[in-house]
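# Chains, contacts and geometry: an overview
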Amino acid sequence: MKKVLMIAGDFTEDYEVMVPYQALLTAGVCVDVVCPEKEKGDTIKTAIHDFEGDQTYTEKPGHRFVLNASFSYLKLEEYDGLFLTGGRAPEYLRLDCRVTDIVKYFMDLEKPVAAICHGVQILTAADAVRGRTLTAYPAVKPEVIQAGGLFLDREPWEAVTDRNLVTAPAWPGNVEILKSFLKLLGVRITG
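Attention in this report is confined to the structure presented alongside it. (Residues numbered from 1 in each chain as written. Predicted model: local features only at pLDDT ≥ 70, side-chain atom pairs only at ≥ 80, totals over all residues. Heavy atoms only, no water.)

### Points about the overall build of the protein chain
Applied cut-off: Helical segments are the DSSP runs of H or I of at least four residues, strand segments are the runs of E of at least two, and each set is numbered from the N terminus. The quantity called the radius of gyration is restricted to C-alpha atoms. Its globule counterpart is 2.2 Å times the number of residues to the power 0.38. Burial classification: accessible surface area is computed with a 1.4 Å probe over protein chains only, and a residue below 20% of its type maximum counts as buried, one above 50% as exposed, and the rest as partly exposed. Contact definition: two residues touch when any of their heavy atoms are within 4.5 Å. Residue burial considers only the protein chains on display, and all accessible areas are found by Shrake-Rupley using a 1.4 Å probe.
Broken down by element type, the protein chain carries six helices and 11 strands. Computed over C-alpha atoms, the radius of gyration of the protein chain comes to 15 Å, within 12% of the 16 Å expected from 2.2 N^0.38 for 191 residues, which places it in the range of a compact globule. Taken along its principal axes, the extent of the C-alpha atoms in the protein chain is 40 × 40 × 35 Å. Burial status across the protein chain gives 51% buried among its 191 residues. Relative to all contacts within the protein chain whose residues are 6 or more apart in sequence, the contacts with residues 24 or more apart total 66%. Element-wise, carbon and sulfur atoms account for 52% of the exposed surface of the protein chain, whose accessible area totals about 8900 Å².

### Overview of the pattern of salt bridges
Two side chains with opposite charge may pair up if their charged atoms get near one another. Defined as follows: What counts as a salt bridge is simple: a side-chain nitrogen of Lys or Arg found within 4 Å of a carboxyl oxygen of Asp or Glu.
Going through the model one piece at a time under the given rule, you end up with 11 salt bridges. Residues K179 and E176 are paired through a salt bridge, measuring 3.4 Å at the closest nitrogen-oxygen approach. Separated by three residues within a single helix, K179 and E176 lie in helix α6 (residues 174-185), roughly one turn from each other. By relative accessible area, E176 is classed as partly exposed at 30%. Here the residues in one salt-bridge network are K3, D32 and E78, joined through shared partners.

### A closer look at the pairing of strand β4 (residues 43-50)
How we decide: Following DSSP output, two strands are said to pair if at least two bridges run between them.
Alignment of strand β2 (residues 12-13) against β4, held across two bridges, turns out to be parallel. Counterpart to E13 in the pairing with β4 is A47. As judged from the seven bridges shared by β4 and strand β5 (residues 58-66), these two strands associate in the antiparallel manner. Note on β5: the bridge partner recorded for I48 is K60.

### Brief notes about the side chain of R132
Keep this limit in mind: Pairing of N or O atoms within 3.5 Å defines a polar contact, subject to two protein rules: one partner must be a possible hydrogen donor and the other a possible acceptor, and residues neighboring in sequence count only if both atoms are side-chain atoms.
As for its placement among the helices and strands, R132 is situated in the loop between α4 (120-125) and β8 (133-134). At 3.0 Å, the side chain of R132 and the backbone oxygen of D162 are in polar contact. Apart from the residues within four sequence positions on either side, R132 is in contact with M107, E110, G148, G149, L150, D162, R163, N164 and L165.

Encoded structure:
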């Protein structure tokens, strides 16, 4: 059974933690969802972002998501892949040195990494996009370029794969990012 580490935090986008978590479990992948400074059984508050014709997304309160693993007890060698959720959480998660070290670990070993929406901010903070082709929420484009990445403008429902890295602009891309991530993990779904 494949095992994935998912990093989330307060005000992670609801669909960008809940949908990948449940879909990966459905595909037979074990998923540990963690947050710095929180333990197994603690909750994070999520936010629901929607595209309603404004200049940017709107934000509404989401659900409480129960973490099923403790950040402080991670053994990275147990994981086959890493999933970085989006929303507002990445803007502060990227300030945690252990989070960026985790990203470097997975990227250096070329293990599968998925980052959706603003989750790419954690990749840029870890200096993990240099020379890579990727996408993200459009407001993250300047950071990707500054960090040496090649940013591709994509529709919200699309995803971009570059070697071990798959990225998508927003939660409408959950289907494509998950298909690509499962493929990178070597998980086939038949039915």
